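Descriptive structure summary
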4 protein chains.
Amino acid sequence: MSVNSFGRLLRFTTWGESHGPAIGAVVDGCPPGIALSEADIQPWLDRRRPGTSRFTTQRREPDLVRILSGVFDGRTTGTPISLMIENVDQRSKDYSEVAKAYRPGHADYAYDAKYGFRDYRGGGRSSARETASRVAAGAVARAVIPGVRIRAWVEAIGGDAIDPAAFDDSAIDENPFFCPDRTAAARWEQLVDRARKAGSSLGAVVACEATGVPAGWGAPLYAKLDSELAAACMGINAVKGVEIGDGFAAAALSGEQNADPMRPGEEGPAFLANHAGGIAGGIATGQPIRLRVAFKPTSSILTPVPTINALGEAAEIATKGRHDPCVGIRGVPVVEAMVALVLADQALLHRGQTGATLTY
Amino acid sequence: MSVNSFGRLLRFTTWGESHGPAIGAVVDGCPPGIALSEADIQPWLDRRRPGTSRFTTQRREPDLVRILSGVFDGRTTGTPISLMIENVDQRSKDYSEVAKAYRPGHADYAYDAKYGFRDYRGGGRSSARETASRVAAGAVARAVIPGVRIRAWVEAIGGDAIDPAAFDDSAIDENPFFCPDRTAAARWEQLVDRARKAGSSLGAVVACEATGVPAGWGAPLYAKLDSELAAACMGINAVKGVEIGDGFAAAALSGEQNADPMRPGEEGPAFLANHAGGIAGGIATGQPIRLRVAFKPTSSILTPVPTINALGEAAEIATKGRHDPCVGIRGVPVVEAMVALVLADQALLHRGQTGATLTY
Amino acid sequence: MSVNSFGRLLRFTTWGESHGPAIGAVVDGCPPGIALSEADIQPWLDRRRPGTSRFTTQRREPDLVRILSGVFDGRTTGTPISLMIENVDQRSKDYSEVAKAYRPGHADYAYDAKYGFRDYRGGGRSSARETASRVAAGAVARAVIPGVRIRAWVEAIGGDAIDPAAFDDSAIDENPFFCPDRTAAARWEQLVDRARKAGSSLGAVVACEATGVPAGWGAPLYAKLDSELAAACMGINAVKGVEIGDGFAAAALSGEQNADPMRPGEEGPAFLANHAGGIAGGIATGQPIRLRVAFKPTSSILTPVPTINALGEAAEIATKGRHDPCVGIRGVPVVEAMVALVLADQALLHRGQTGATLTY
Amino acid sequence: MSVNSFGRLLRFTTWGESHGPAIGAVVDGCPPGIALSEADIQPWLDRRRPGTSRFTTQRREPDLVRILSGVFDGRTTGTPISLMIENVDQRSKDYSEVAKAYRPGHADYAYDAKYGFRDYRGGGRSSARETASRVAAGAVARAVIPGVRIRAWVEAIGGDAIDPAAFDDSAIDENPFFCPDRTAAARWEQLVDRARKAGSSLGAVVACEATGVPAGWGAPLYAKLDSELAAACMGINAVKGVEIGDGFAAAALSGEQNADPMRPGEEGPAFLANHAGGIAGGIATGQPIRLRVAFKPTSSILTPVPTINALGEAAEIATKGRHDPCVGIRGVPVVEAMVALVLADQALLHRGQTGATLTY
């Protein structure tokens with residue numbers, strides 16, 4: 001079994017390889033009657049698009065999305081929405097090295113171990129290019145829950161973190177790092193440039209917040225909101241850690257410190273803290289949903305690394321293709337998309353079981 | 001939708017509340033012909049059983065498991081295995097407070113917000129008692145993959161971590177904390193005692209390692225091994241963070257530092273490091289699978305916390321029932337069980353798609 | 001994979017063997033707040049209970065259901081409802097013959113071929129006894145859609161059909177055959193008695209009608225209402241055919257004959273015919289849902305049949321246990337239960353995707 | 001929820017409308033290393049293609065399939081196989097009538113009742129055109145189980161059945177009706193011509209046989225082979241009945257008549273009959289799988305039928321578009337495809353749970 005679908009009621013399936021003719025997603029289960037066109041999807045893809053600064057891969061992909069089905073007269077029909085993005089700037093010859101030897105940390109060896117062979121061109125199916133499909137599908141999910149605002153940003157690169165006191169939402173889209181701290185953004189220019197020139201790469205931490213999620217979304221026990229979000233984000237290329245709310249920091253706290261006390265509020269409770277990241281017992285409490293995602297450094301680096309080839313012989317590999325010096329940066333729109341998909345799915349699940357209303 | 005099932009080919013469904021007559025799990029999809037009896041399951045439940053030391057809840061539950069179906073002549077038949085554990089030591093009167101006001105950090109308010117009301121006795125379905133069902137199901141999963149050894153331990157309590165240099169596997173089962181560092185275990189006695197007596201609670205970090213997992217298990221892209229493990233562990237009560245391999249630490253590394261270089265080995269590659277936690281591209285590499293799980297401190301504490309009641313009025317709550325001062329401790333066998341369930345499921349999925357052999 | 005779950009949003013999992021300690025079902029996804037007690041389930045089980053007349057198996061089972069979870073203060077909580085029925089009247093010694101040789105038409109050989117061995121006592125998991133779990137789960141489903149009336153009956157036994165003109169709903173529960181035609185019921189007494197005494201068995205056709213299903217339930221394309229109902233009924237023991245509406249008869253009609261013309265009605269259209277059985281394009285039209293189900297004759301007969309044993313040697317088998325001379329009769333409450341489960345599930349799915357209201 | 005996916009381990013998702021730019025299917029879970037190219041899929045699509053005789057719709061569609069992903073160096077990679085077929089010969093203006101009033105028997109009214117509006121052009125998603133995607137996906141499934149031969153044919157049109165004694169496999173592909181009886185084929189020319197000229201349509205019965213299915217495939221209880229096949233076929237446009245083996249005829253038999261006696265055979269048992277259609281207890285017995293499928297007459301007819309419009313007013317409708325006079329004829333390759341998908345899926349499931357080998 002290969003599992004290329006995600007979601008329960010709102011469910012999408014992605015397909016396509018880095019160097020094939022196209023990639024895409026089929027989104028099934030979308031409510032009918034929602035206004036949707038390519039113009040609602042393209043801006044999110046543009047945020048993720050490669051080649052927009054020297055801090056991302058230099059592959060030039062317009063990433064133009066086409067809606068092939070499921071929309072009629074400008075509105076969703078309730079039937080599958082097929083989204084396709086053509087691959088334009090493949091350079092498969094760059095990958096002759098990769099065909100022969102395994103890039104440590106990359107999926108090369110594991111795919112061979114699993115399937116017996118692999119499409120090595122650009123990493124094939126394991127390429128971060130697949131995440132464009134997620135972003136396109138995520139744009140549909142956003143349209144299902146317009147009352148929810150989902151916002152991600154980079155919180156640290158290579159161990160250099162933002163200053164929370166300097167957080168400025170309006171800065172996020174003004175620099176190539178999705179960095180909410182202008183000073184940190186300036187530092188990162190040098191940091192990432194240095195890594196890029198050295199043929200190296202850097203890890204990053206992405207944070208995400210979703211506001212407007214009503215209390216009640218989430219589905220105990222094996223689709224707890226924490227669990228669904230963790231699965232969604234841990235499935236993104238290069239992700240190796242997920243925290244909800246305080247995450248690992250909560251493990252160092254006492255019960256009193258970690259409590260989110262409640263007071264009577266205007267509508268429902270007013271919480272005096274949000275250590276839990278807006279989720280209790282797997283169900284949204286109405287507070288902002290907060291999570292953090294750890295991206296490892298890009299595995300494809302120019303620096304030669306000891307490895308073996310498909311025959312099991314010792315080799316060295318330096319990956320020449322065009323790669324992101326810090327794959328976490330372009331992870332920002334992907335995290336947002338996955339969070340949108342989880343929340344929209346849970347919104348429909350909640351409505352299905354309980355009859356709760358949902359406005360769109 | 002309420003999602004009380006987990007797994008794809010090997011799939012279990014749990015049921016039952018803390019203060020109902022019983023709890024249980026139905027395990028479906030188990031291969032036929034595997035030797036199985038209550039004696040194979042009970043020891044794992046005994047490790048998780050409450051009331052065995054003063055560092056866990058004082059509720060006295062024998063947690064005796066009965067196999068009600070799916071086993072004939074001492075072997076699994078391939079049909080559903082129904083496991084039941086009777087509840088013996090309920091004291092519902094302890095929960096009169098909980099019935100009236102919401103415990104901050106607990107599922108009380110969220111369940112009411114979702115379902116309109118809740119079984120408040122002992123936390124009902126949201127009680128950590130449910131995890132006994134997971135441990136029972138996990139014992140079946142272990143029998144499916146006998147070549148895999150799964151071992152978890154507590155790595156830190158309330159911010160006080162073990163010394164990795166003092167790690168001694170044989171120590172883990174010799175103290176009430178599943179602590180592999182004897183010196184740390186001695187410190188934790190005092191630490192947890194202090195919290196217990198103060199009516200407080202502590203968070204913890206649990207680490208887990210699975211050895212003997214062959215390269216190839218795992219299912220890209222939306223059932224990546226990282227993703228499945230994250231979903232499995234993040235769905236455990238009180239868990240707020242999951243890391244695979246170096247996790248968040250990897251986000252601070254460069255590509256060279258984070259690489260797991262490969263050399264020719266006896267069988268398959270010899271890896272010179274394991275930053276990736278044994279998983280690349282969502283697929284096992286043959287190295288040990290390594291993960292860490294953050295448990296928040298128990299939400300039910302004796303210290304009074306500001307809250308509201310079901311009418312939305314200001315209140316204070318001090319939870320009097322019998323609770324774990326550090327729920328992460330008993331999380332150790334639960335993490336092991338969930339990891340076993342993921343790996344056994346992936347073993348069958350891998351065999352289904354590729355025809356890989358599996359010995360049991 | 002063994003698939004012992006059915007349903008999408010309202011989903012149940014059954015477990016248990018004919019001669020094990022108990023059988024049961026776990027119903028997940030039920031909406032919260034619905035009044036439910038054993039008294040709501042027991043009457044449906046009583047209709048299916050064996051040993052109530054000489055025309056069914058003489059096994060004496062009280063079939064008393066217990067609700068073990070998911071209900072609090074008399075209402076469903078939205079968490080899994082565990083239903084258990086103890087087996088009381090097992091006589092495993094009757095099955096020494098079955099242990100040795102395969103009953104043609106029964107699952108004996110197929111289970112051995114699949115799993116390598118089998119629980120032969122009373123047919124183990126393949127026994128019609130499992131259908132008690134379905135009936136219990138079906139009673140929960142009925143509570144989810146109280147506005148829908150589901151009614152099944154036997155239309156023919158051994159080729160002897162009722163006279164549609166003599167159809168009397170009130171007759172159905174007044175004879176041991178669920179026969180709506182009193183004259184046919186009298187004939188069937190003799191027919192079934194003769195088969196029973198001859199050590200033979202008879203096939204039957206069960207018809208079912210569901211009224212009160214609103215237009216819109218159903219989910220194209222791979223969960224069309226026709227398709228879900230067919231899967232649900234074809235999965236019942238001994239069923240070998242399913243028709244929706246006119247079924248095979250429609251294949252002999254012309255387009256004009258088969259049309260269900262529409263006229264303006266009080267609420268929605270008034271249909272002038274119902275060849276389609278209330279379903280168009282896989283979606284309910286608001287007309288009564290109509291289907292027919294073919295039960296083959298019970299495979300376990302006293303008449304000796306040539307067969308082979310587990311060693312592949314020629315043998316003869318005459319099944320001595322206690323069996324239904326016409327398993328289709330007790331299929332009536334089972335068909336009703338499966339139809340209820342499909343419709344309740346589709347009701348929740350429809351609400352989840354479209355926000356349609358549902359009253360219970 | 002809209003359910004546009006089918007299958008468990010081998011799973012496909014279809015998308016697209018009759019008059020959109022394209023239709024397609026994404027096949028996930030295919031084993032790796034299987035030789036596959038467009039040339040393996042196209043012949044099956046050609047059998048289903050419209051416009052090849054005057055007995056099918058006159059819409060001219062080349063139905064050329066493109067593989068967009070999942071195949072590398074001529075072999076499946078184990079990742080999703082995206083198949084796309086462009087729509088070429090849409091004539092949406094034909095559907096102005098349909099936009100205004102509901103075609104009785106068609107999905108028009110039901111889609112409006114469910115979704116609030118619909119893509120009326122050519123029936124949109126409910127068009128039989130969608131079945132091209134199934135046929136393409138089915139060709140992939142065939143490649144997974146090359147040892148299985150799946151063969152369907154038309155057994156009756158408008159009530160006029162073939163003579164079983166005249167069955168000639170080689171005749172099936174020599175006439176436009178997939179008719180194995182040359183005399184019947186000649187009669188059907190006139191029969192269908194007459195219906196076509198009269199602006200009418202005819203129903204049909206399609207039979208299907210799969211040989212080479214080993215004993216053991218199938219998955220009790222809720223994925224019984226009978227049940228999966230019924231769901232698969234009942235989900236095809238215009239299908240209203242499914243029989244496995246003797247189906248409804250078995251309901252008129254006695255236990256002795258319906259038994260399939262077994263004798264020692266070369267490999268496994270030799271069966272003396274096949275009333276069960278090769279399936280016992282939901283599991284394949286090794287005999288040929290046999291089933292029959294009832295197609296109602298095409299709902300879109302030129303003859304005017306009383307109906308209502310979207311405002312609920314009385315109207316009349318005569319459907320002018322280009323339609324099949326007997327949609328069952330082109331159902332033949334679709335039934336084969338769905339049977340192939342069920343069997344390939346079950347083959348993988350069986351291998352996953354039991355480790356049974358599978359050669360391809």
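Residues numbered from 1 in each chain as written. Chains lettered and ligands numbered in written order. Predicted model: local features only at pLDDT ≥ 70, side-chain atom pairs only at ≥ 80, totals over all residues. Heavy atoms only, no water.

Per an unreviewed UniProt entry, chain A is named Chorismate synthase, and its organism is Sphingomonas longa. Note on chain A: under the UniProt heading Catalytic activity (unreviewed entry), the record states "5-O-(1-carboxyvinyl)-3-phosphoshikimate = chorismate + phosphate". Its UniProt record, at the heading Subunit (unreviewed entry), says of chain A: "Homotetramer." (UniProt positions renumbered as here; feature names shortened; annotations may be inferred.)

1. Quick word on the interface of chain C and chain B
Each side of the interface is counted separately: chain C has 41 residues, and chain B has 41 residues. When chain C packs against chain B, close to 3,300 Å² is buried across both sides, 66% of that on carbon and sulfur atoms. Together, Trp15, Phe72 and Phe117 of chain C form the three largest contributors to the area buried by chain C at its contact with chain B, with a combined 20%. One can count 6 residue pairs in polar contact (both at pLDDT 80 or more) joining chain C with chain B. Listed by contribution, the elements that provide at least two residues to the side of chain C that touches chain B are strand 2 (11-16), strand 3 (22-28), strand 6 (75-76), strand 7 (81-86) and helix 3 (108-115) of chain C. The biggest single contributor to the side of chain C that touches chain B is strand 2 of chain C, with 5 residues. (Contact = heavy atoms within 4.5 Å. Buried area = accessible area lost by both parts, 1.4 Å probe. Polar contact = N/O pair within 3.5 Å; in protein donor to acceptor, adjacent residues only side chain to side chain. Helix = DSSP H or I, 4+ residues; strand = E, 2+ residues; numbered from the N terminus.)

2. Things to note about the sheet that holds strand 11 (residues 239-244) of chain B
Spatial strand order, 9(A)-8(A)-10(A)-16(A)-11(A)-11(B)-16(B)-10(B)-8(B)-9(B): 10 strands in an open sheet with antiparallel pairing. The two strands at the open ends of the sheet, each matched to only one other strand, are strand 9 (160-161) of chain A together with strand 9 (160-161) of chain B. Pairing geometry for strand 11 of chain B and strand 16 (residues 289-295) of chain B, over 5 bridges, is antiparallel. Looking at strand 16 of chain B, one finds that isoleucine 244 of chain B is bridged to leucine 291 of chain B. Sitting on the sheet, helix 5 (residues 182-197) of chain A is in contact with strand 8 (149-157) and strand 9 of chain A, with an inclination near 60° to strand 8 of chain A. (Pairing = 2+ DSSP bridges. Axes fitted to C-alpha atoms, helices over the stretch in contact; angles between N-to-C directions.)

3. Some thoughts on helix 1 (residues 38-48) of chain A
Burial in helix 1 of chain A covers these residues: Ile41, Gln42, Leu45, Arg47 and Arg48 of chain A. The secondary structure elements touched by the buried residues of helix 1 of chain A are strand 4 (65-67), strand 7 (81-86), helix 4 (131-144), strand 8 and helix 8 (331-354) of chain A. (Buried < 20%, exposed > 50% of the residue type's maximum accessible area, 1.4 Å probe, protein only.)

4. Quick notes on the pairing of strand 7 (residues 81-86) of chain B
Note on strand geometry: in a regular strand, side chains alternate between the two faces of the sheet. All names here are of chain B. Counting buried positions along strand 7 gives 5 out of 6 residues, so the element sits mostly inside the fold. Bridging between strand 3 (residues 22-28) and strand 7 involves 6 bridges; their strand directions are antiparallel. Considered in strand 7, the bridge of valine 26 is made with serine 82. Summarising the sheet, strand 4 (residues 65-67) and strand 7 pair through 3 bridges and their orientation is antiparallel. By the bridge assignment for strand 7, valine 65 is matched with isoleucine 85.

5. Re the environment of arginine 292 of chain C
Looking at the secondary structure, you find arginine 292 of chain C in strand 16 (residues 289-295). Given a relative accessible area of 25%, arginine 292 of chain C falls into the partly exposed group. Apart from the residues lying within four places of it in its own chain, the contact partners of arginine 292 of chain C are Glu155, Val205, Val206, Ala207, Gly241, Val242 and Glu243 of chain C together with Phe248 of chain D.

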